[in-house]
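Coordinate analysis (summary)
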Amino acid sequence: PEVEQAEYDIARAVVPFSAMPSRDELRSHLAAVAKDGRADSLVQWSDPFVLMHDEIAQDKNFIYTMKVGEISQPFELYNGFEMFKLVSKIPQRVV
């Protein structure tokens, strides 16, 4: 039997540091958004895109264990904070 790898439908958002007066305040705000899973005007999600299991970077492997609808904690980039939302998932399967 052949095994098809898992597929992850993901949306991504980058919130610029300029969205709030301080980075710490912004980080705390975004962490609360991730915890509550609520919509927020600062977080503009991309159109969802599909990644196969082997296309996910090692530093993003937390995506493997996310639940559908879950939002990741914010990750600091050079220009703001990056977040991911798992829109849907097709588990690994035997075909």
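Residues numbered from 1 in each chain as written. Predicted model: local features only at pLDDT ≥ 70, side-chain atom pairs only at ≥ 80, totals over all residues. Heavy atoms only, no water.

1. What to know about the nonpolar core
By size, the foremost hydrophobic cluster in this structure holds 12 residues: A13, V15, F17, M20, L26, L30, V33, A34, V43, I71, F81 and M83. Contributing elements (two or more residues each) for this core: β2 (7-16), α1 (23-36) and β5 (80-90). Of all the elements, α1 adds the most residues to this core, at 4 residues. Each residue touching L26, except ones within four places of it in the same chain, is listed here: V15, P16, F17, A19, M20, L42 and F81. (Core = buried A, V, L, I, M, F, W, Y, C linked by side-chain atoms within 4.5 Å. Buried < 20%, exposed > 50% of the residue type's maximum accessible area, 1.4 Å probe, protein only. Helix = DSSP H or I, 4+ residues; strand = E, 2+ residues; numbered from the N terminus. Contact = heavy atoms within 4.5 Å.)

2. Here we look at the pairing of β5
Bridging between β2 and β5 involves 10 bridges; their strand directions are antiparallel. Paired with P16 across the strands is G80, a residue of β5. Here 2 bridges tie strand β4 (residues 75-76) to β5, and the two strands are oriented antiparallel to one another. Within β5, the position partnered with E76 by the bridge is F81. Linking two consecutive strands that pair antiparallel, namely β4 and β5, is a turn of 3 residues. (Pairing = 2+ DSSP bridges.)

3. So, the pattern of salt bridges
When their charged atoms lie close together, side chains carrying opposite charge are able to pair. Within the structure shown, the criterion is met by 9 salt bridges. With a closest N to O distance of 2.8 Å, E4 and R93 form a salt bridge. Note that E4 is positioned in strand β1 (residues 3-4) and R93 in strand β6 (residues 93-94), a separation of 89 residues in sequence. Of the residues examined, E4 reaches a relative accessible area of 31% and is grouped as partly exposed. Of the residues examined, R93 reaches a relative accessible area of 24% and is grouped as partly exposed. Here D40 makes a salt bridge to R38, at a shortest N to O gap of 3.5 Å. Beyond isolated ion pairs, a larger network of salt bridges with shared partners links R12, D59, K60 and E82. (Salt bridge = Lys/Arg side-chain N within 4 Å of Asp/Glu carboxyl O.)

4. Concerning the environment of I56
As for its position among the elements, I56 is in the loop between β3 (49-52) and β4. Taking the C-alpha atoms as reference points, I56 and R38, 18 residues apart in sequence, are found 25 Å from one another. Beyond its immediate sequence surroundings of up to four residues, I56 is in contact with Y8, L51, N61, I63 and Y64.

5. Side note on the packing of aromatic side chains
Applying the stated rule across the entire model yields 4 aromatic pairs. Relative to F84, the ring of F62 has its centre 6.1 Å away and its plane inclined at 55°; by these criteria the two rings are tilted. Linking F62 in the loop between β3 and β4 with F84 in strand β5, this pair joins segments that are 22 residues apart in sequence. Residue F62 is classed as partly exposed on the basis of its relative accessible area of 21%. Clustering of aromatic rings is evident, with ring pairs tying together F62, F75 and F84. Residue placement shows R23 over the ring face of F17; its charged tip is 3.8 Å from the ring centre. When the ring centre of F75 is taken as origin, the NZ or CZ atom of K60, which lies over that ring, is 6.0 Å away. (Phe/Tyr/Trp six-rings, centres within 6.5 Å; stacked < 30°, edge-to-face > 60°. Lys NZ or Arg CZ within 6 Å of the ring centre and 35° of its normal.)

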